[in-house]
Structures are given as structure tokens and as C-alpha cells.
Amino acid sequence: MRRTQLFLPTLKENPAEAQIVSHRLMLRSGMIRQSAAGIYSWLPAGHRVLRKISQIVREEQDATGAQEMLMPTIQSAELWRKSGRYDDYGKEMLRITDRHDREMLFGPTNEELITDIVANEINSYRDLPKNLYHIQWKFRDEVRPRFGVMRGREFLMKDNYSFDLDHESARHSYNKMFVCYLRTFARMGLQAIPMAADTGPIGGDLSHEFIILAETGESEVFCDKALLDLEAPGADIEFESDLQPVIDQWTSYYAATDEKHDADSCPISGEQLVQARGIEVGHIFYFGTKYSEAMGAQVQGSDGKQITLEMGSYGIGVSRLLGAIIEASHDDAGIIWPEAVAPWNIGLINLKVGDGQCDAVCEALYGEARRLGIDILYDDRDERAGGKFADMDLIGLPWQIAVGPRGLKDGIVELKRRSDGERSTLSIDDAKAWIAERAAA
RNA sequence: CGGAGCGUGGCGCAGUCUGGUAGCGCACUUGUCUGGGGGACAAGGGGUCGGUGGUUCGAAUCCACUCGCUCCGACCA
């Protein structure tokens, strides 16, 4: 993408309403604009990241055998009356009336709807287990939206729901998602720490929050230092195998949010105990038959008897992850995108637009990257160098290639890694080769 | 939902107390000089001061109501 063509309104100054660093940087780097309290428009750069994160989530879900579908944002109140949550959910639920005075709502989550679908369409034990997910906008009318996309009212969430015949099988479904989440967050460059959690209004008796550490996190968390170095399972993990050893490994270390932490009974102390702030990016629940019973989700077993389904639900805050990643990865100059989610992987800076040689080399490098299918942003604006460097740092692309007359005199261009600022010089041919390596990686 | 604060060109702000018809920086347009970490000079464009009603000869400024947004606390992917 050429910068002159791109809609990327960056800001030099911090908007007054943004207090938290990720919110400031998302506004300044032209990713989002606010349209109402807790409701945002996603501009091209932000939307690209949102898509990349969604895609990683999707690939990791698919790897477990979960199947993607798409349920509507608007639901009927009737379903929610069945589960009893129409009244329980309170004012957080945005309620709507259609032209026929039918009561509708903007879905804050989908247990009722998916359970209703499964109850209607699955009738035999032979059709289980099933794990169904979608990535869809949710709306929760938060009392106090804040922190940009980290606590918006409208947010993009991946939610899925597992349906099993018995507790043991349901437990395996839960374990699959546990492992899947470790992998999903690791692919985004995040160390997410699973912490035993209260099950809250969703109910049930087995639940973990996945929390990443960041100074501006919403809640205080405590965990064993060893967790920070644990490696997520590799892509070769076999999801149908017994995953309990992996779960046991991760849950053997102490990890607790402040409401569960008790300084007196905490088994670790001193250097081994990390006290930090955390952002919840995922949450998994096993809740048995809570919804299947209410919604009548049963199948016929091999013995002819009706079996009420065992369920779990699993959520990842996709739009929240953008804020969370920025909170965990930025510096004074701007965002530092992990490669896997960066809106573009390479930023190409033409330091002197109009100079024949600079233009020619930039066009050659840009063309090469495009040919190889690499996401590259070419800053071809006729601006001064300083502004372009500053803008590129702000946007936070992992790699910057600077092409200017000074270097070209010696036949070289400069390569900079955003994460640590490390620079190196490359000949033009080496730069092309380097780009080709990125494509192969 | 309790407490606090803020709405003035795209962004950041001054002006409000003490009423006299809107200003600064950045951004934007045009030109010249420049050109490796947000440059200089010159000339421009853009705002019914959140809205409604009131007081007044006159309201960004005073009064009332209202809408929106932000922050702190209690609640949450």
C-alpha cells in the first residue's frame, strides 16, 4: 500500500479524551475513531490488525476441530426468558423493540441462541461432541465504558460453545480450549497466564481467565515467576490426545487475580512471586447442564434414553486484544507490533521523493515485496524525513527500510527493527534478498 | 449508579471570573527556499463557541434546562 493512497489519519498530539496509552496510540496512529461512548469505527489500519488477530484466532480454533459459523447480533427476548437471563442480565443488555412491538436485544453473548440451535438440530449421541464458534460483534451496555477498545460497549468477540455427552468428554473439550488459548495468544506475541477464576453470572464450576501482564491492566494479579517463561504447546500438539498433563503443568504454578489472592495463604513469596497488573483477554468456562437443561438440549443415547448435554463456553476478546497487545508492546515513540498481527510487516521510507534514484530503488523494493505477497507500506509522501520516521515509529511496523540519497551514494539502504531499534545497512540486492526471506518465513 | 470535571476550526488549547461580536500552536491550501528523526519565510481557507430557552442595546462569557464526552469508585469479554 502506498501511503499517498492510504486513509491513515495520524495525530501528532494526544487527544484529550484518551487517558490510557493503547487508546492514545490507537487514535494517534489512525486505527480507530470514536463514534459514541465505548463505540468505535475501525479505520483501515485498525481494521487490518483486527482481521489479522481474527485470522489467528480462527486458525487455532479450526485446529482443535471447532467449526465456525455466524449467529446474528440481534436476538429475540423469548430465548433469554427461557434461560432466565432476560431479567438477570439487567441494564447491561441493550433491549430493542421492533415495529411490531416484539422485544429484541443486541446480543451480549450467545449461550441461549446456540443451545437453542443445537437443541433443535442435534438429536443423537452419534452427532456429538460438537464445538461451534463465531466471531461476532457483541454489545454490553457498560455503566462506564473506558480505556478505548479495552472496555468498549460494542466489541468483537470470538465465542464458542462445546456440547458433550458426559462430564469426562466435556472436560476434554475444556482442555482443548485451554491449550488452544495458550497457542492463540502465543502466536500474537503474548504470554497469557491462565488463572483460576470465579464463574460469575455464567455459572458452572470450572473456569480460567487468560491474563496478560501490562502496567495499565485493569486488575491486580499475582503469579509464580516460572509462568512467565513457560512455553505454549507447539503446532504439533495432538488435540485428541490426553491434554491433562499440559493443563496440570500450567495450573501447578500459583496464579490468582486479586479477588482470589490471599497474602497469608499464598504458597510462594519473595522473588518467585510476581505482582503485576493484568488484562483479561480470554475466559473459558465449563458449566455442565445449566443452559442445556433450560433450553431442552438433549439427545437420545445408545440405550434409548434422553441425555442432557454437557456444555462449556469460551471467549476471546478480539477487539480488546488490540488494546492489550499495545499495552504490552509500545514505547515512547509509539506502537511496537508483533509481526504476526502488524497491519503491515514492512514500512518503506523514501527519504527524498522526487530524487530519481531514491524513487527508482523504492519502486523496485516495493514491487518486489508486492510480488512476493508481503504486506508493505510504502511512504511515498513528499514530506521531510523526520516526520516520516516519527510516523513510522508511531504506527509501529516491525521493520523499516529507509532509502535516501546519502546511503544510495554508497549503494546501501538502512534496515531498522522497530522492537529494539537495531539498525543495519544492506546493499540494494541484499535488501531484495532480505525481503524474499521475509516472504519465505 | 454515587462523586468530580470538560464541551471554542481536523487535533491541542487561550478567552468565560470582570458581557462589546473569536484568538494561538499544530494540521490543511498555494508559492519559494530546503531536505536522514515532526524545517524556514510569505500568502491563504476553515469555527452560528454542544443544543434549546431566557436576561440584556449587546452573550463563547450571566441564568435555566438539556445533550454529549472524560476521570475516580462499585460492576464486567
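Residues numbered from 1 in each chain as written. Chains lettered and ligands numbered in written order. Predicted model: local features only at pLDDT ≥ 70, side-chain atom pairs only at ≥ 80, totals over all residues. Heavy atoms only, no water.

Before going further, it helps to examine the domain arrangement of chain A. Segmentation of chain A into domains returns domain 1 (21-334) and domain 2 (346-440). Just the C-alpha atoms count here: the centres of domain 1 and domain 2 sit 39 Å apart. Listed per partner, the contact involves eight residues of domain 1 and five residues of domain 2. Together domain 1 and domain 2 conceal approximately 560 Å² of surface at their shared face, both sides included; 50% is due to carbon and sulfur atoms. (Domains from an automatic or database assignment. Contact = heavy atoms within 4.5 Å. Buried area = accessible area lost by both parts, 1.4 Å probe.)

Let's shift gears to the packing of aromatic side chains. Inspection of the entire model under this criterion finds eleven aromatic pairs. Between Tyr174 and Tyr314, the aromatic rings sit 6.4 Å apart at their centres with planes inclined by 55°, giving tilted as the arrangement. With Tyr174 in helix H6 (residues 167-187) and Tyr314 in strand S16 (residues 310-317), the pair connects residues that are 140 residues apart, well separated along the chain. An identical accessibility class is assigned to Tyr174 and Tyr314; each is buried. Among the aromatic residues, ring-to-ring pairing joins Phe178, Tyr181, Phe185 and Phe210 into one connected group. Just above the ring of Tyr86 sits the side chain of Arg95; from NZ or CZ to the centre is 4.5 Å. (Phe/Tyr/Trp six-rings, centres within 6.5 Å; stacked < 30°, edge-to-face > 60°. Helix = DSSP H or I, 4+ residues; strand = E, 2+ residues; numbered from the N terminus. Buried < 20%, exposed > 50% of the residue type's maximum accessible area, 1.4 Å probe, protein only. Lys NZ or Arg CZ within 6 Å of the ring centre and 35° of its normal.)

In this fold, Thr425 is placed in strand S23 (residues 423-427). Linking Thr425 and Val413, residues twelve residues apart in sequence, is a C-alpha distance of 5.7 Å. Every residue in contact with Thr425, bar those within four places of it in the chain, is listed here: Ile412 and Val413.

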